[in-house]
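# A structural walkthrough
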Amino acid sequence: MSMAVIGMVAGMALGFAGYFGGFGAFLLVAALGAIGFVAGRFLEGDLDPGDFFRTRGDDRRR
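Let us look at the structure shown here.

The rules behind these values
- Residues numbered from 1 in each chain as written.
- Predicted model: local features only at pLDDT ≥ 70, side-chain atom pairs only at ≥ 80, totals over all residues.
- Heavy atoms only, no water.
- Helix = DSSP H or I, 4+ residues; strand = E, 2+ residues; numbered from the N terminus.
- Buried < 20%, exposed > 50% of the residue type's maximum accessible area, 1.4 Å probe, protein only.
- Areas by Shrake-Rupley, 256 points an atom, 1.4 Å probe, with all protein chains shown as cover.
- 1 Å grid on protein atoms, 1.4 Å probe; cavity = no way out; pocket = protein on both sides within 12 Å on 5 of 7 lines; lining within 4 Å.
- Points joined across faces, edges and corners; volume = space filled by probe spheres on them.
- Nonpolar A, V, L, I, M, F, W, Y, C, P; charged D, E, K, R; others polar.
- Phe/Tyr/Trp six-rings, centres within 6.5 Å; stacked < 30°, edge-to-face > 60°.

### Looking at the overall build of the protein
Per the secondary structure count, the protein includes one helix and zero strands. Looking at the 62 residues of the protein, the share that counts as buried comes to 2%. Summing over all exposed atoms, the protein offers an accessible surface of approximately 5500 Å²; the carbon and sulfur share of this is 67%.

### Regarding the layout of surface pockets
Estimates place the volume of the largest pocket at around 340 Å³. As for the largest pocket, its lining consists of 14 residues, of which I6, A10, G33, G36 and F37 are closest to the centre. Classifying every residue of the lining of the largest pocket by side-chain character gives nine nonpolar, three polar and two charged.

### A look at the packing of aromatic side chains
Tallying each qualifying case throughout the model produces three aromatic pairs. Seen in terms of ring centroids, Y19 and F20 are 4.9 Å apart; in terms of plane orientation they differ by 85°. Their pairing is edge-to-face. Take Y19 and F20: they sit in the same class, and that class is exposed. When the ring of F23 is compared with that of F26, the centres are 6.0 Å apart and the planes differ by 20°; the resulting orientation is stacked. Here the residue F23 and the residue F26 both occupy positions in helix α1 (residues 3-44), the gap between them amounting to three residues, near one helical turn. Overall, F23 belongs to the exposed group, its relative accessible area being 61%.

Below is the structure:
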């Protein structure tokens, strides 16, 4: 499935949540979508757990 189709489906889900459930439902769907996106990237191997815990000083190679 292309990224454009995935983006369209996500936008439609947010639109339905906002229309039928109000702003709170919109925020909940957006937050859960972001968590699902990060989890999917992690499971595909695009993210490492250490990417979230590195400090600014860790970028230097010795």
